[in-house]
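Observations on the model geometry
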Amino acid sequence: MPRQIINLKLIEFFKCYDKATQSKMYCLLLIELDSLLQSANLLGDEQQKELNNLNHKFNGVCRYLKLEKDIIVCKDMSRIEILSKLSALQCSLKEIHIEAL
């Protein structure tokens, strides 16, 4: 899914909240994504159970942001795939923060 669409959906998600809540939620989401990225960096591709757990947490973040249909997350993704998708979402959050929040 193109980053522009994800960015628009993120902006729509945050519009439901006042500025103070937006700021808190933005910070919490960045902390969560940083934590997931750090965890993924510590794992190897052979640690599929742990990667699946990270993938499950990432799916939860996507569902919370109403992006579950836009960011395709498959079971048994490699560490590189997980890192790529986490990084892309983190970049999108930072972009919309500069543009809209």
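Structure report, in brief. None of these values were measured; they are calculated from a predicted model.

**Things to note about the packing of helix H1 (residues 3–15) against helix H2 (residues 19–42)**
It is the contact of H1 with H2, at a shortest axis distance of 10 Å, that shows an interaxial angle of 130°. The orientation of H1 with respect to H2, classified from their angle, is oblique. Contacts between H1 and H2 involve Phe 13, Phe 14 and Lys 15 from the first element and Gln 22, Met 25, Tyr 26 and Leu 29 from the second. Looking at the contact of H1 with H2, its residues break down into five nonpolar, one polar and one charged.

**Brief notes about the nonpolar core**
Leu 10, Phe 14, Leu 65, Leu 67, Leu 89 and Leu 93 are the most contacted members of the largest nonpolar core, which totals 29 residues. Among all residues touching Leu 65, those that are not within four sequence positions of it are Leu 10, Phe 13, Leu 29 and Leu 89.

**A closer look at the environment of Lys 15**
Relative to the helices and strands, Lys 15 resides in helix H1. By relative accessible area, Lys 15 is classed as exposed at 56%. Expressed as a C-alpha distance, the spacing of Lys 15 and Leu 93, which sit 78 residues apart in the sequence, is 14 Å.

**Here's the deal with unusual backbone geometry**
Of note, Lys 66 is a non-glycine position whose phi angle comes to about 60°, a positive value. The exposure class assigned to Lys 66 is exposed, which follows from its relative accessible area of 57%.

**A word on the side chain of Gln 22**
Looking at the element boundaries, Gln 22 is found in helix H2. For Gln 22, the side chain forms a polar contact with the main-chain oxygen of Tyr 17, separated by 3.0 Å.

**Details of the pattern of salt bridges**
Across all of its chains, the model carries two salt bridges by this definition. One salt bridge connects Arg 3 with Glu 95, and the closest N-O pair in it is separated by 2.8 Å. One end of the pair, Arg 3, is in helix H1; the other, Glu 95, is in helix H4 (residues 79–99), with 92 residues separating them in the sequence. Residue classification places Arg 3 among the partly exposed positions, given a relative accessible area of 38%. Here Glu 12 makes a salt bridge to Lys 15, at a shortest N to O gap of 3.3 Å. Remark: Lys 15 and Glu 12 occur in helix H1; sequence separation between them is three residues, near one turn of the helix. When its relative accessible area of 46% is taken as the criterion, Glu 12 is described as partly exposed.

**Concerning H4**
The end-to-end C-alpha distance of H4, which contains 21 residues, comes to 30 Å, matching closely the 30 Å that a straight helix rising 1.5 Å per residue would cover. Buried within H4 we find Ile 82, Leu 83, Leu 86, Leu 89, Gln 90, Ser 92, Leu 93 and Ile 96. Against H1, H2 and helix H3 (48–64) lie the buried residues of H4.

Scoring rules and cut-offs
Residues numbered from 1 in each chain as written. Predicted model: local features only at pLDDT ≥ 70, side-chain atom pairs only at ≥ 80, totals over all residues. Heavy atoms only, no water. Axes fitted to C-alpha atoms, helices over the stretch in contact; angles between N-to-C directions. Helix = DSSP H or I, 4+ residues; strand = E, 2+ residues; numbered from the N terminus. Parallel < 35°, antiparallel > 145°, perpendicular 65-115°, else oblique. Contact = heavy atoms within 4.5 Å. Nonpolar A, V, L, I, M, F, W, Y, C, P; charged D, E, K, R; others polar. Core = buried A, V, L, I, M, F, W, Y, C linked by side-chain atoms within 4.5 Å. Buried < 20%, exposed > 50% of the residue type's maximum accessible area, 1.4 Å probe, protein only. Polar contact = N/O pair within 3.5 Å; in protein donor to acceptor, adjacent residues only side chain to side chain. Salt bridge = Lys/Arg side-chain N within 4 Å of Asp/Glu carboxyl O. Expected span 1.5 Å × (residues − 1).

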